[in-house]
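One-letter residues, chain by chain:
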Amino acid sequence: MLPSFFDSVLQLIVRTSTDLPPDVRAAMRHARGSEAEGTRAAQALAIIALNIDLAVDNEGAICQDTGMPTFEVHVPVGADQIWMRAQIREAVAQATRRGKLRPNSVDSITGQNSGDNLGPGTPIIHFDQWTRDDIEIKLILKGGGCENTNAQYALPVELPHLGRADRTLEGVRKCILHAVWNAQGKGCSPGAVGVSVGGDRTSGYVHAKEQLFRTLDDVNTDERLRDLEASIMSTVNALEIGPMGFGGKVTLIGCKIGALNRLPASFFVSVAYDCWAFRRLGVTLDATTGAINSWLYRDPSHPIIPMIDQAGFARTGREVALHAPLTEDAVRALKVGDVVLVSGRMFTGRDAVHSYLMKHEPPVDLRGSALYHCGPVVVKEESGWRVTAAGPTTSIREEPYQGEIIKRYGVRAVIGKGGMGAKTLAALKEHGAVYLNAIGGAAQFYARSIKRVDDVSLLEFGTPEAMWHLMVEDFPAIVTMDAHGNSLHKDIEQESGAHLAAIGG
Ligand code: SF4
């Protein structure tokens, strides 16, 4: 067999999880230059840039959600695909044990986490034969926040703010704009979209994801699609959704469109959204040894250019220091737009914890607490647990529960990304609490605010879903929903809806 194959795949996984490809870095550098200094958008991008640097310097996961590993493998005729599949699966398990991938494979019926990223359907591995005599493996790690925002349209369709999308390229354009607008608060922007026109429902989604393997700066060989890509990129940022949905100049860093033939009766437009943590790399391997011949998307002989040239997150002096447990007076004094630095005890809780708290008493006293929507990457060491990646997860998933949990248990601050809905906003006002938006995907940055892990509850839900008891220091976040009924997310959604009508209708 190929003696180096396993190590090569492991290297590919680790590098993909920890080092953004140069084309994405360049796009994010350009985004930084586009936002005015001192704005929320600029602050968010500064944290993201620092996070990108920390991840590669420390070989840590760029985002704690290391997503669904998807491998596209090309092999020469006669290659043993059964053996290779087994090796790739074992490399995924090994990368998980090393904390480079978060255990993300969950039994869909029981909710049980397999713990090693292996299970029916995970990871995704597609094989194709080709006439070349080497092996090519491409990998994309696409997280749940952006996967949940993927969209498929069956044309003709009526779209909010845009009117009817017909079976034309103009109709396709409307669908793409709608998908980007609709992704706000879910996938961490600025993001990129892969789009497929045509196919059937299944092949359309696969083909849309395949577009994400194109570099952001490539040029479509189909003139019609090239013009459509250019048209989207020249208008979409007028939506002013901005980084993290805070408002701003940059909403999208790439749009890649492909087309498949379709049935006469069907016209699907499938959109795969990827966030700024656009983790995609590849390798070519010697087919006799499995050793890496070359890297795709990156040139190891070129030094990695740091994203940021300063020591850390630049403070303005206007930040508000908060110490948990929090008082009602402290949170009622906050207003949308305030930047806070949280210190003290913080508890994590996401889908499984919220569902549990609706039926059971909490395992800890949550009065005055800061509840962090986060599924961290955690490793067990001799001295105890250590968090290696800990950015926020998409909060809107907890909307059905959050208001009730604030009311019942006295939570004073909910921390996550993307904001929450009307029920939570009403509960914040009635019971005296705030929603704090942390910067999505900034897993390395936030891991450094966590000074220690004091304990863990509900570990039976798996490490991403357990309730971790963290001691944090100067954890930065922005008040985006306050106790006075204000929501930045609601405002941006309305304003960007008006922009959508103006540019796309
Ligand atoms: S950056 Fe945001 S959307 Fe992307 S994987 Fe991380 S949490 Fe999910």
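Structure shown above.
Because the structure is predicted, anything quoted here is derived from the model rather than measured. (Residues numbered from 1 in each chain as written. Predicted model: local features only at pLDDT ≥ 70, side-chain atom pairs only at ≥ 80, totals over all residues. Heavy atoms only, no water.)

Peer 1: Teacher, can you tell me more about the sheet that holds strand β11 (residues 292-296) here?
Peer 2: By way of backbone hydrogen bonds, the strands of a sheet pair with one another, either parallel or antiparallel. Ordered in space as β2-β1-β3-β10-β11, the five strands form an open sheet in which the pairing is mixed. Two strands in the sheet have a free side with no partner beyond their single neighbour: β2 (124-130) and β11. Going across the sheet, the axis of each strand differs from the next one's by a mean of 15 degrees, ignoring polarity. Here seven bridges tie strand β1 (residues 68-76) to β2, and the two strands are oriented parallel to one another. What sits directly across from Val 73, in β2, is Phe 127. (Pairing = 2+ DSSP bridges. Helix = DSSP H or I, 4+ residues; strand = E, 2+ residues; numbered from the N terminus. Axes fitted to C-alpha atoms, helices over the stretch in contact; angles between N-to-C directions.)

Peer 1: Would you explain the side chain of Thr 251 in this entry?
Peer 2: On the secondary structure map, Thr 251 appears in the loop between α8 (223-235) and β8 (252-259). From its side chain, Thr 251 meets the backbone nitrogen of Gly 242 in a polar contact 3.1 Å long. Setting aside residues up to four positions removed in sequence, Thr 251 forms contacts with Val 180, Ser 189, Pro 190, Gly 191, Asn 237, Glu 240, Ile 241 and Gly 242. (Polar contact = N/O pair within 3.5 Å; in protein donor to acceptor, adjacent residues only side chain to side chain. Contact = heavy atoms within 4.5 Å.)

Peer 1: Explain the pairing of strand β20 (residues 467-481) to me, please; I cannot follow it from the model alone.
Peer 2: The two faces of the sheet receive side chains in turn, since in a regular strand these alternate between them. Of all 15 residues that make up β20, 12 are buried, and the element is covered over most of its length. Here strand β18 (residues 434-437) pairs with β20 via three bridges, running antiparallel. Its bridge partner being in β20, Asn 437 is matched across the sheet by Ile 478. In this structure, strand β19 (residues 450-457) lies alongside β20, joined through six bridges in antiparallel fashion. Paired with Asp 455 across the strands is His 469, a residue of β20. (Buried < 20%, exposed > 50% of the residue type's maximum accessible area, 1.4 Å probe, protein only.)

Peer 1: Would you take a moment to explain the packing of aromatic side chains for this structure?
Peer 2: Ring pairs (aromatic) are described by centroid distance and by the angle formed between their planes. Under the definition given, this model contains six aromatic pairs. Relative to Tyr 446, the ring of Phe 445 has its centre 5.2 Å away and its plane inclined at 85 degrees; by these criteria the two rings are edge-to-face. Each member of the pair Phe 445 and Tyr 446 is classed as buried. Of the aromatic side chains, those joined through ring pairs into one cluster are Tyr 372, Phe 445, Tyr 446 and Phe 475. Taking the ring centre of Tyr 297 as reference, the NZ or CZ of Arg 280 above it sits at 4.5 Å. For the cation-ring pair, Arg 298 lies above Trp 295, with the distance from its terminal atom to the ring centre recorded as 4.6 Å. (Phe/Tyr/Trp six-rings, centres within 6.5 Å; stacked < 30°, edge-to-face > 60°. Lys NZ or Arg CZ within 6 Å of the ring centre and 35° of its normal.)

Peer 1: Explain the site of the ligand here, please?
Peer 2: In the region of the ligand, 13 residues are neighbours, and Cys 63, Cys 188, Cys 275, Arg 279 and Gly 441 sit closest. For the shell around the ligand, the per-class residue count stands at six nonpolar, four polar and three charged. (Near = heavy atom within 4 Å. Nonpolar A, V, L, I, M, F, W, Y, C, P; charged D, E, K, R; others polar.)

Peer 1: Help me understand the nonpolar core, please; the structure alone is not making it clear to me.
Peer 2: The nonpolar side chains of a soluble globular protein tend to be buried, and buried together. With 134 residues, the main nonpolar core has Phe 71 and Ile 137 as its most contacted residues. The greatest single-element share of this core, amounting to nine residues, is contributed by helix α3 (residues 40-58). Those residues in contact with Ile 137, other than ones at most four positions away along the chain, are Phe 5, Val 9, Leu 12, Phe 71, Glu 72, Val 73, Leu 281, Gly 282, Val 283 and Leu 285. By size, the runner-up hydrophobic cluster in this structure holds 20 residues, among which are Val 364, Val 411, Met 420 and Met 467. (Core = buried A, V, L, I, M, F, W, Y, C linked by side-chain atoms within 4.5 Å.)

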